[in-house]
Amino acid sequence: MRQSKLFTKTRKEAPADETSKNAELLIRGGYIHKEMAGVYSYLPLGLRVLKKIENIIREEMSKVGGIEMKTSILQDKEIWEKTNRWDDNEVDIWFKTKLKNGADVGLSWSNEENFANILKQYVSSYKDLPLYLYDFKDILRNEVRSKSGIMRGREFYWKALYSFSRNETEHNDFYERMKVAYRDIFKRAGIGHATYLTFASGGAFSKYSHEFQTLTSAGEDTIYVSEDNAMAVNKEVMEEEILASLGLEKNKLVEHRAIEVGNIFTLGTSKPEALGLSYVDKNGEKNHVFMGSYGVGLGRLMGTVVEVLSDDHGIVWPESIAPFAVHLLALGDDEEVLKEANKIYENLEKAGVDVLFDDREGLSAGEKFSDADLLGMPWRAVVSVRSMKEKGIEIKKRTEEKGKIVSTEELLKILNEKVS
RNA sequence: CGGGCCGUAGUAUACCGGUAGUACAAGUGCUUUGGGAGCAUUUAGACUGGGUUCAAUUCCCAGCGGCCCGACCA
């Protein structure tokens with residue numbers, strides 16, 4: 001895409017009402033727009049990142065047998081009353097409203113109830129199970145305090161998968177596979193090195209759960225990391241007997257701040273019992289379905305990547321989720337340079353490369369370089385009088401100081417290797 | 001939800017009980033073009049409501065909004 005056609009612009013200064021690094025950089029780069037505290041719109045660049053994250057998650061969910069669907073935002077009060085989660089005293093983050101006829105409806109803050117309720121229509125036999133269903137969805141939560149930019153919003157985009165197994169053994173098997181799938185998601189998103197499987201409390205669902213915690217000072221949680229075991233324990237469950245059961249030694253744990261980028265839960269049979277979701281086994285006996293829940297917030301993941309990987313000059317996107325693979329800059333207004341840059345741009349487009357072409361006129365080299373650093377594409381390709389003298393394109397990795405001159409063919413080879 | 005800090009233009013600020021000035025940013029034109037260049041020019045502001053007052057952006061009260069700490073957090 002031509003940058004001159006991109007409607008967003010970069011900003012030199014950070015907005016006054018943001019202090020978190022992720023919001024500052026993403027707003028300065030024109031990735032997101034703040035609507036109000038805890039509510040952000042995703043602009044074209046931001047949406048490209050979100051979509052790439054979405055695709056990584058989709059692929060990983062497919063690998064473990066996940067089936068994608070899309071559930072409604074408006075929630076039926078009756079269903080949530082069955083599990084005692086409609087009452088404001090039980091769940092205080094509901095956004096609630098009324099239909100014209102006066103009926104109460106809620107806006108989705110979670111999904112267990114409606115997934116389980118849908119399944120009642122289609123599951124009756126052991127032959128219908130197991131099922132692993134998920135959706136991507138905007139979730140609304142009336143948080144008393146949103147904070148940290150897109151890390152904790154009142155409206156956010158997430159993926160939730162629910163597993164419906166015939167029994168605990170079958171569930172546990174899937175749960176272990178999801179641990180691997182989640183690890184792969186964070187690895188592919190570029191924060192695998194800083195993300196730890198963390199033993200945590202299970203909230204209202206179960207005694208314990210597993211969180212995927214990424215180390216960052218912007219985090220909300222305190223965890224204790226055991227590098228030897230490549231896992232961690234959340235402060236909330238930091239007790240002697242738990243450490244013993246996990247085989248961890250207290251004196252080898254290191255305290256860190258971290259952000260929960262994913263969370264997996266064993267739910268068990270309580271919701272199916274409340275909602276009447278059961279199946280008949282081989283022996284003709286009725287059993288309740290055994291549930292699990294697996295969530296990832298895509299915006300939070302995006303914000304975490306910014307927090308963890310950015311540097312003093314701006315964002316540093318991993319190739320896997322960068323909005324564009326390469327940022328092509330045309331420097332100066334020399335006609336030959338512009339002609340050459342356009343030609344390269346068209347060739348890259350033709351080759352299917354995601355390229356952002358800074359074809360803006362009247363900007364100094366410094367401005368274009370600074371914008372490229374701020375926007376954070378993995379590769380920068382410069383066409384200028386200088387590069388043309390050397391008969392090539394000057395390419396540089398965002399993470400490296402020095403570039404080199406290559407031909408268009410070589411550039412395509414490098415990018416194709418990365419893109420494919 | 002408890003606590004703290006804070007609301008003058010996109011940002012940073014100035015003055016002031018007599019209706020607001022500067023810088024940067026942004027727009028336009030020309031010049032420039034390897035790390036946010038120059039000249040000219042334009043646009044843009046007192047969160048809202050009430051009170052006090054001849055007069056409120058300024059003082060008082062309330063509300064709204066923003067950020068942060070804590071609590072909470074499927």
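Each remark here, short or long, concerns the structure printed above.
Residues numbered from 1 in each chain as written. Chains lettered and ligands numbered in written order. Predicted model: local features only at pLDDT ≥ 70, side-chain atom pairs only at ≥ 80, totals over all residues.

Draft legend 1. Layout of the overall build of chain A. The secondary structure content of chain A amounts to 12 helices and 21 strands. Whereas a compact globule of 420 residues would reach a radius of gyration of roughly 22 Å, chain A reaches 24 Å, a difference of no more than 12%. The principal-axis extent of the C-alpha atoms belonging to chain A is close to 80 × 60 × 45 Å. Per-residue burial for chain A yields a buried fraction of 42% across its 420 residues. Taking the intrachain contacts of chain A between residues at least 6 apart in sequence as the baseline, contacts between residues at least 24 apart amount to 69%. (Helix = DSSP H or I, 4+ residues; strand = E, 2+ residues; numbered from the N terminus. Rg over C-alpha atoms; globule rule 2.2 N^0.38 Å. Buried ≥ 20, exposed ≤ 12 C-beta atoms within 10 Å, placed from the backbone. Contact = placed C-beta atoms within 7 Å.)

Draft legend 2. Quick peek at the pairing of strand β18 (residues 355–358). Because side chains alternate across β18, one face comprises the buried residues V355 and F357, and the other comprises L356 and D358, equally buried. Where strand β17 (residues 326–330) meets β18, four bridges bridge the pair, whose relative direction is parallel. Within the sheet, the bridge partner assigned to V326 lies in β18 and is V355. For the handedness criterion, the β-α-β arrangement of β17, helix α9 (residues 335–350) and β18 is classed as right-handed. (Pairing = 2+ DSSP bridges. Right-handed = clockwise from strand over helix to strand, strands pointing away.)

Draft legend 3. Region of interest: the packing of helix α1 (residues 21–28) against helix α8 (residues 298–309). Two elements in contact, α1 and α8, have axes separated by 8 Å at closest approach and are oriented at 100°. Considered as vectors, α1 and α8 are oriented roughly perpendicular to each other. Contacts from K21, N22, L25 and L26 in α1 reach G303, V306 and E307 in α8. By residue class, the composition of the contact of α1 with α8 is three nonpolar, two polar and two charged. (Axes fitted to C-alpha atoms, helices over the stretch in contact; angles between N-to-C directions. Parallel < 35°, antiparallel > 145°, perpendicular 65-115°, else oblique. Nonpolar A, V, L, I, M, F, W, Y, C, P; charged D, E, K, R; others polar.)

Draft legend 4. Up close: the pairing of strand β6 (residues 104–107). Where strand β4 (residues 74–76) lies against β6, three bridges are found, and the strand directions are antiparallel. What sits directly across from L74, in β6, is L107. What sits between strand β5 (residues 95–98) and β6 in their antiparallel hairpin is a turn of five residues, with G102 showing a positive phi close to 95°.

Draft legend 5. Just the nonpolar core, in detail. In terms of nonpolar packing, the biggest core is built from 104 residues, with I53, A189, M302, V326, L328, V355 and M377 touching the most fellow members. Once you skip the residues sitting within four places of it in the chain, A189 turns out to touch I53, I56, L301, V305, P318, S320 and I321. (Core = buried A, V, L, I, M, F, W, Y, C linked by C-beta atoms within 7 Å.)

Draft legend 6. Looking closely at the environment of K207. With respect to the element layout, K207 can be found in the loop between β9 (195–201) and β10 (208–215). Taking the C-beta count within 10 Å as the criterion, K207 has 9 such neighbours and is therefore assigned exposed. When the C-alpha positions of K207 and D373 are compared, they lie 45 Å apart, and in sequence the two are 166 residues distant.

Draft legend 7. Looking closely at α9. End to end, α9 covers 22 Å across 16 residues, agreeing with the expected 22 Å (1.5 Å per residue, within 8%). Residues of α9 that are buried: A341, I344, Y345 and L348. Buried residues along α9 cover an arc of 105° about the axis, so they all sit on one side. Facing away from the buried side of α9 by over 90 degrees, the exposed positions are E335, E336, K339, K343, E346 and K350. (Expected span 1.5 Å × (residues − 1). Arc of directions from axis to C-beta.)

Draft legend 8. Quick look at the sheet that holds strand β20 (residues 393–397). An order of β18-β17-β19-β20-β21 is seen for the five strands of this open sheet, with the pairing classed as mixed. Of all strands in the sheet, those bounded by a partner on one side alone are β18 and β21 (404–406). Each strand axis lies, on average, 30° off the axis of its neighbour in the sheet, ignoring direction. Pairing between strand β19 (residues 379–383) and β20: four bridges, direction antiparallel. By the bridge assignment for β20, R380 is matched with K396. This element, α9, spans β17, β18, β19 and β20 of the sheet and lies at about 160° to β17. Contacts between helix α10 (residues 365–375) and the sheet are confined to β17, β18 and β19, with β17 contributing the most and set at about 170° to the helix.

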